[in-house]
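Below, each chain spelled out in residue letters.
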Amino acid sequence: MLFDDSDVKIFNDGKKGNDSFDEVSVIAEMTKHRSNGNIEKAKNLGKHLAEIFVDEPHLLSDLENEVGPLRHDDGFMYQVKVLLVFTAEYCINHCLPSPLLSNTAVNAMYDTVKKKAFEFYDRLDDAAEYSFYYLAVRKGVDIPANIGVSFAMLCGNEKSEDSAKLGTKIFEVSQHEIEQIIDTFDFAK
């Protein structure tokens, strides 16, 4: 028996008009942000934040001034940097005036980390740590404390209250610092 395709109906969900509208709005938004300088600012913000994260001696010094002495072993420092990059992405997504700009900044940040610290980027790209931080944020209650608990667990100290407090402090300090950096870029609304 041959297949008679006259009985086959092509599914039409009625979104064709909406797709055109979405494309037009995205293009309009891109044009607006390109012309007011926001796209370039977002790229520069991402690059700037990445430069901070890859300059480990300077990063460590600044962070220790705020949170106290830190362990300097590779595993611990990796977890600190993962938390900082996560915090940067969290702040970018909450502080920039548009998802388009947030995506631009985050992509520029990761591109720069990839160029300047490929080993860290490669390890971060394969890591599951982010999912624990996303879950902590999704709880929606006392995000810094939940981030701290996740940090302690990722450092192998899930029962350590001091480790959780340190994770909370790193998140809060870096969140405040990153939000101040974002403010200096003066994005147009």
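Cut-offs and rules
Residues numbered from 1 in each chain as written. Predicted model: local features only at pLDDT ≥ 70, side-chain atom pairs only at ≥ 80, totals over all residues. Heavy atoms only, no water. Helix = DSSP H or I, 4+ residues; strand = E, 2+ residues; numbered from the N terminus. Buried < 20%, exposed > 50% of the residue type's maximum accessible area, 1.4 Å probe, protein only. Areas by Shrake-Rupley, 256 points an atom, 1.4 Å probe, with all protein chains shown as cover. Patch = residues over 30% accessible without salt bridge, like charges linked within 9 Å, V, L, I, M, F, W, Y side chains within 5 Å. Salt bridge = Lys/Arg side-chain N within 4 Å of Asp/Glu carboxyl O. Lys, Arg positive; Asp, Glu negative; His and termini not counted. Charge placed at Lys NZ, Arg CZ, Asp CG, Glu CD. Axes fitted to C-alpha atoms, helices over the stretch in contact; angles between N-to-C directions. Parallel < 35°, antiparallel > 145°, perpendicular 65-115°, else oblique. Left-handed = near helix turned anticlockwise from the far one by under 90°. Contact = heavy atoms within 4.5 Å. Nonpolar A, V, L, I, M, F, W, Y, C, P; charged D, E, K, R; others polar. Polar contact = N/O pair within 3.5 Å; in protein donor to acceptor, adjacent residues only side chain to side chain.

## Looking at the overall build of the chain
Okay, so step 1: The helix and strand inventory of the chain stands at 9 helices and 0 strands.
Okay, so step 2: The order of helices and strands in the chain, counted from the N terminus, is α-α-α-α-α-α-α-α-α.
Okay, so step 3: Looking at the 189 residues of the chain, the share that counts as buried comes to 41%.
Okay, so step 4: Here the chain has roughly 11600 Å² of accessible surface; of this, 53% comes from carbon and sulfur atoms.

## Concerning a negative patch on the surface
Okay, so step 1: Negative charge collects at one region of the surface, where Asp 74, Glu 119, Asp 122, Asp 125 and Asp 126 lie side by side.
Okay, so step 2: Top element by residues in the negative patch is helix H6 (residues 118-125). It accounts for 3 residues.
Okay, so step 3: When you line up the elements, Asp 74 lands in helix H4 (residues 74-95).
Okay, so step 4: Here Asp 74 falls in the exposed class, since its relative accessible area comes to 64%.

## Quick word on the packing of helix H7 (residues 129-138) against helix H8 (residues 143-154)
Okay, so step 1: Following both chains from N to C, one finds H7 and H8 inclined at 155°, their axes separated by 8 Å at the closest point. With respect to H8, the axis of H7 lies roughly antiparallel. Considering only the axes of H7 and H8, their crossing is right-handed. On H8, the residues that touch Glu 129, Phe 132, Tyr 133, Ala 136 and Val 137 of H7 are Ile 143, Asn 146, Ile 147, Ser 150, Phe 151, Met 153 and Leu 154.
Okay, so step 2: A per-class count over the contact of H7 with H8 returns 9 nonpolar, 2 polar and 1 charged.

## A few points about the side chain of Glu 129
Okay, so step 1: Within the element layout of this structure, Glu 129 appears in helix H7.
Okay, so step 2: For the buried residue Glu 129, which engages in no salt bridge, the nearest side chain bearing the opposite charge is Arg 123, 6.0 Å off.
Okay, so step 3: Looking at Glu 129, its side chain comes within polar contact range of the side chain of Gln 79, at 3.2 Å.
Okay, so step 4: In this structure, Glu 129 is in contact with Tyr 78, Gln 79, Val 82 and Leu 154, ignoring residues within four places of it in sequence.

## As for the pattern of salt bridges
Okay, so step 1: Counted by the stated rule, this structure contains 4 salt bridges.
Okay, so step 2: The partner of Asp 73 in a salt bridge is Arg 71, with the nearest N and O atoms 2.9 Å apart.
Okay, so step 3: Judged by its relative accessible area of 39%, Arg 71 is partly exposed.
Okay, so step 4: For Glu 161, the salt bridge goes to Lys 165, with nearest N and O atoms at 3.5 Å. Of the two residues, Glu 161 and Lys 165 both sit in helix H9 (residues 161-184), 4 residues apart, roughly one turn of that helix. As far as the burial class goes, Glu 161 and Lys 165 line up, both exposed.

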